[in-house]
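Here's the letter readout for the chains.
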Amino acid sequence: QNPKTSAIVKQVVAEGNAAELQKYFGSRMEFGTAGLRAAMGAGISHMNDLTIIQTTQGFCRYLEKNFSDLKKRGVVIGFDARAHLSSGGSSKRFARLAANTFISQGIPVYLFSDITPTPFVPYTVTHLKLCAGIMVTASHNPKQDNGYKVYWENGAQIISPHDKGISQAIEENQEPWPQAWDDKLIDSSLLLHDPYAMVNKDYFKDIQKQCFHRNINKETNLRFVHTSVHGVGHKFVQLAFKAFDLSPPFAVPEQKDPDPEFPTVKYPNPEEGKGVLTLSFALAEKDGAKIILANDPDADRLAVAEKQESGEWKVFSGNELGALLGWWIFTCWKNHNRDTCAIKDVYMLSSTVSSKILRAIALKEGFHFEETLTGFKWMGNRAKQLMDQGKAVLFAFEEAIGYMCCPAVLDKDGVSAAVITAEMASFLATRNLSLSQQLKAVYDEYGFHITKASYFICHDPKVIQRLFDNLRNFDGKNTYPKSCGRFKVSGIRDLTTGYDSSQPDQKAILPTSKSSQMITFTFANGGVATMRTSGTEPKIKYYSELCAPPGNSDVERLKKELDELVNALEKHFFQPEKNNLQRKAE
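Residues numbered from 1 in each chain as written. Predicted model: local features only at pLDDT ≥ 70, side-chain atom pairs only at ≥ 80, totals over all residues. Heavy atoms only, no water.

**A short note on the pairing of strand S16 (residues 392-398)**
Most of S16 sits inside the fold, with six of its seven residues counted as buried. Sheet analysis places strand S14 (residues 346-351) next to S16, joined by five bridges and oriented parallel. Looking at the pairing, Val346 lines up with Ala392 of S16. In the sheet, S16 pairs with strand S17 (residues 402-404) via three bridges, with the strands oriented antiparallel. When the sheet's bridge partners are listed, Phe397 is paired in S17 with Tyr403. Here S16 hands over to S17 after three residues, with Ile401 in that stretch at a positive phi of 50°. (Buried < 20%, exposed > 50% of the residue type's maximum accessible area, 1.4 Å probe, protein only. Helix = DSSP H or I, 4+ residues; strand = E, 2+ residues; numbered from the N terminus. Pairing = 2+ DSSP bridges.)

Written out as structure tokens, the structure is:
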């Protein structure tokens, strides 16, 4: 019943354009553990009013099956600022349609009245003890995309088998229910609640438990620039700084207000490096700021840059910031917990493609480190399990600039990460140390961990399948590569098939998934490289790391060795020319 998408379809039918119709209706968007992520537009392959109604009807029926008290507890729904003029879709409209679906079935809905960072949804699920949460966002994807991200009652993103159960329920509930389109009905409903004011008070109270140096924060002369890259983050980072008694950061004026067109950047993704930060560098130079904090558009990720002595800007990788935040959060914990026995209940987590620096810190300091599969859905769920056993999960991170610094949010949170980074930098400044100098000190103490990650773009699933099949049948059937150029392979873990050469029974410990490709190679020189497909983008990614024991400080030699390993990986395992792969554009 949306006049815009309806008109698009009628036009294509009138033109008899079968190829376009195939694109719109050939296959339904797949509901996975990341929920939905697709372009906004007409047809069942896109995000639009109808597919949101169908998805929510399925999710609603699945929740009814799983929770007898759903009508008492309810769900929370948040949204970012994305909008798509030509199809009439927007995050706010989708959120209201989703709310209408639940309310029509007598289920209470806590619908944020305004845009909100993604982490506020999982926070609200646990804070109000709700059954589930939905965030309508496509994070840092291109402007035409949107998404539908789902949280379970434990405050973490869903994992299997929930995705399959919800997907099946969507298939069974495709006919829109009566009044499904009329979202105005919710405005007069007693089942509609707005958690905005309460969450904006309680969240900032909860993150203050991670504030350890209020006096330093009040006095610091360090200046910060913040950009929300046309997303939702501006207001909330300002409030977080206030909660920590820090002077507010300078906001990049051209990027501080939400704009679904993202007019100043090619990709609204701070992970893409310096291009996204051009305006931030200019403002920092003008206002004499040393540190830049950049959130992605839904404020669950954080990139950090620091001005070096040379005048150059260093953008920290996700692994480097993970090392700094891990060191800082543990140091703060240690200074406030004199009981040496307590350390046996302390945990940190990171994903298997992230740097192993937390493992090195844990080994030396005596706390526990665990790695999980890629993605915060795994770290959030594992953190909750550990917390339910009385353990303290201090920190979790992934190399894709995602950090969980505060146990009140079991997902990555760019708001708390930004203000905790600012406090860490302010503290280090009192010791005349920069973030870069402290990073070197961390590596000196726990061993250098040099990482390099990139990706190739490939739109053809058959080519991706062939590439990974080739790795599994490298020297004849069912044989993996024994070397990569001059680098000898000493171990292989394949989380698509469940094979792990390092285990006595050759079975991988981490869960396996046949629907995604992921192989990790360990090399005789101490290097590790993982190749995997992305769940949300047409990319084959790789992650590589060389770990040196403490005392090996020849960083340049280590970097050169890792560069050579990566070059060999690209040449022999990816074979970009043969497979027609497109390199990441610098």
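Having seen it, we continue.
**Some thoughts on the sheet that holds S16**
Strand order in the open sheet formed by four strands is S15-S14-S16-S17, and the pairing between neighbours is mixed. Looking at strand neighbours, the two that pair on one side only are strand S15 (368-372) and S17, the edges of this open sheet. Shown here is a sheet whose adjacent strand axes are inclined to one another by a mean of 15°, direction ignored. In the packing of helix H12 (residues 318-336) onto the sheet, the strands contacted are S14, S16 and S17, and the crossing angle to S16 comes to about 170°. Sitting on the sheet, helix H14 (residues 376-388) touches S14, S15, S16 and S17, and the angle it makes with S16 is about 175°. (Axes fitted to C-alpha atoms, helices over the stretch in contact; angles between N-to-C directions. Contact = heavy atoms within 4.5 Å.)

**What to know about the state of the cysteines**
By definition, a disulfide is the covalent link that joins the sulfur atoms of two cysteine residues. Under the criterion given, the structure shown has zero disulfides. No disulfide involves Cys131; its sulfur sits 11 Å from the nearest other cysteine sulfur, which is in Cys60. (Disulfide = S-S within 2.5 Å.)

**Points about the sheet that holds strand S1 (residues 36-39)**
In spatial order, the strands read S1-S7-S6-S2-S5-S8; together these six strands make up an open sheet with mixed pairing. The outermost strands of the open sheet, each flanked by one partner alone, are S1 and strand S8 (192-193). Judged from the three bridges that link them, strand S2 (residues 75-79) and strand S5 (residues 109-111) form a sheet pairing that is parallel. Each residue of the ladder has a partner; that of Ile77, found in S5, is Leu111. Sheet strands touched by helix H3 (residues 49-66): S1, S2, strand S6 (132-136) and strand S7 (145-151). Its angle to S7, the strand with the most contacts, is close to 5°. Along the sheet face, helix H5 (residues 91-104) touches S2, S5, S6, S7 and S8 and points at about 165° away from the line of S2.

**Comments concerning H5**
Taking 1.5 Å per residue, 14 residues should reach 20 Å; H5 reaches 20 Å between its end C-alpha atoms and fits that length. Across the 14 residues of H5, 11 count as buried, placing the element largely inside the fold. Turning to H5, its buried residues are Ser91, Phe94, Ala95, Arg96, Leu97, Ala98, Ala99, Asn100, Thr101, Phe102 and Ile103. Directly after H5, the chain includes Gly106, whose backbone phi takes a positive value near 80°. (Expected span 1.5 Å × (residues − 1).)

**Examining the pattern of salt bridges**
Per the counting criterion, the structure on display carries 38 salt bridges. A salt bridge links Arg73 to Glu153; the nearest nitrogen and oxygen atoms lie 2.8 Å apart. Highlighted residues: Arg73 in helix H4 (residues 70-73) and Glu153 in the loop between S7 and helix H7 (162-172), separated in sequence by 80 residues. Take Arg73: its relative accessible area is 18%, and that puts it in the buried class. Residue classification places Glu153 among the partly exposed positions, given a relative accessible area of 34%. Between Glu371 and Lys356 there is a salt bridge, and its shortest N-O distance comes to 3.4 Å. With Glu371 in strand S15 and Lys356 in the loop between S14 and helix H13 (357-365), this residue pair connects regions lying 15 residues apart in the sequence. Given the relative accessible area of 12%, Lys356 is considered buried. Where salt bridges share partners, they join Asp49, Arg93, Arg96, Asp183 and Asp187 into one cluster. (Salt bridge = Lys/Arg side-chain N within 4 Å of Asp/Glu carboxyl O.)

**Looking at the packing of H12 against helix H15 (residues 414-430)**
Two elements in contact, H12 and H15, have axes separated by 11 Å at closest approach and are oriented at 75°. Taken as axis vectors, H12 and H15 run roughly perpendicular relative to one another. For the pair formed by H12 and H15, the contact residues are Leu321, Leu324, Leu325, Trp327 and Trp328 on the first element and Ile420, Thr421, Glu423, Met424, Phe427 and Leu428 on the second. (Parallel < 35°, antiparallel > 145°, perpendicular 65-115°, else oblique.)

**Description of the side chain of Ser436**
With respect to the secondary-structure elements, Ser436 resides in helix H16 (residues 435-446). A residue is classified by how much of its surface remains accessible, and Ser436, at 15% relative accessible area, is buried. A distance of 3.0 Å separates polar atoms of two side chains, one belonging to Ser436 and the other to Gln308. Once residues within four sequence positions are removed from consideration, Ser436 is found in contact with Glu306, Gln308, Lys314 and Phe316. (Polar contact = N/O pair within 3.5 Å; in protein donor to acceptor, adjacent residues only side chain to side chain.)

**Points about the domain arrangement of the protein chain**
For the protein chain, the assigned domains read domain 1 (3-193), domain 2 (200-446) and domain 3 (448-583). Spacing between the C-alpha centres of domain 1 and domain 3 amounts to 36 Å. (Domains from an automatic or database assignment.)

**Structural notes on unusual backbone geometry**
Omega for the peptide link from Ser160 to Pro161 comes to 5°, which places this bond in the cis form. Examined against the element boundaries, Pro161 turns out to sit in the loop between S7 and H7. Look at Ser139: it is not a glycine, yet its phi comes out positive at around 55°. You can see Ser139 is positioned in the loop between S6 and S7. In this model, Gln179 sits at a positive phi of 65°, which is unusual for a non-glycine residue. As for its position among the elements, Gln179 is in the loop between H7 and S8. By relative accessible area, Gln179 is classed as exposed at 56%.

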